[in-house]
Amino acid sequence: MEVKLLFHTPLSLCVSAGRTCWQSQERGGCYPLPTDEIIQADREFLDRILNKHKHGSVAEHLTYNFAIDGISRACLQELARHRHASLSVKSSRYTLKELKSEENIESVAEKYLVMSGDERVDRSSIQALKNLQMLLLDGISNDLAKYAMPESYKTALAWSVNARALQNFLSLRSSKAALWEIRKLAFALFEALPEEHKFLFEGVMSSEK
């Protein structure tokens, strides 16, 4: 699994939105251009309104765009349950073309599948991958063959989310009760955030590794 942050809204824009609500512009810094380099008073202001008082509407002014590669279709389903986010998913037809030309599926299984660590589950996934390749070699179209793709099949996507929704996601999915793979994703998303932004999310992250 690889997670990269492609874009984020600078903190100064969130400060501006928040101080507009409280008519407290004179208490903050002056930012001619959008920036993450905000003064301590503004950092404390954001911490207070977003973390302590939970004014989530202000957090919606911060957005993040991530590139996520190598998660399973099962994990993608879990991710899609967080509806206050936008995702664009890699078409399966491109990897199906690659799969069709593979000569030894077992030797390249990890290229296509997320391994669970349970031998029985992983063996079943590899067998499903072999069955999928057989369908393709038998001339079944990609659009039909994809119905036989195992849930462990890898995919990639672009994921855009605002800070309010991301706080909710990290709170739920960093918990030990979450699916192991999406929990791994939650920690990877947090690590990909700019250092200047992490104080907005540290309080919602599970402390249990």
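Before any of the text, the structure's been laid out above.
Notes on the structure in this doc start here. Values in this document were obtained by computation on a predicted structure and should not be read as measured data. (Residues numbered from 1 in each chain as written. Predicted model: local features only at pLDDT ≥ 70, side-chain atom pairs only at ≥ 80, totals over all residues. Heavy atoms only, no water.)

## Focus on the overall build of the protein
Secondary structure summary: the protein contains 10 helices and four strands in total. Listing the helices and strands of the protein from first to last along the sequence gives β-α-α-α-β-α-β-α-α-α-α-β-α-α. Principal-axis analysis of the C-alpha atoms places the extent of the protein at approximately 70 × 35 × 25 Å. Residues counted as buried form 44% of the 209 residues belonging to the protein. Taking as baseline every contact in the protein between residues at least 6 positions apart, the subset at least 24 positions apart corresponds to 74%. (Helix = DSSP H or I, 4+ residues; strand = E, 2+ residues; numbered from the N terminus. Buried < 20%, exposed > 50% of the residue type's maximum accessible area, 1.4 Å probe, protein only. Contact = heavy atoms within 4.5 Å.)

## Brief notes about the packing of helix H5 (residues 92-100) against helix H7 (residues 119-137)
The N-to-C vectors of H5 and H7 enclose an angle of 90 degrees; their axes lie 9 Å apart at closest approach. As summarised for this structure, H5 and H7 are arranged roughly perpendicular, according to the angle between their axes. The segment H5 lies against H7, with Leu96, Leu99 and Lys100 engaging Leu129, Leu132, Gln133, Leu136 and Leu137. Residues of the contact of H5 with H7, tallied by class, amount to six nonpolar, one polar and one charged. (Axes fitted to C-alpha atoms, helices over the stretch in contact; angles between N-to-C directions. Parallel < 35°, antiparallel > 145°, perpendicular 65-115°, else oblique. Nonpolar A, V, L, I, M, F, W, Y, C, P; charged D, E, K, R; others polar.)

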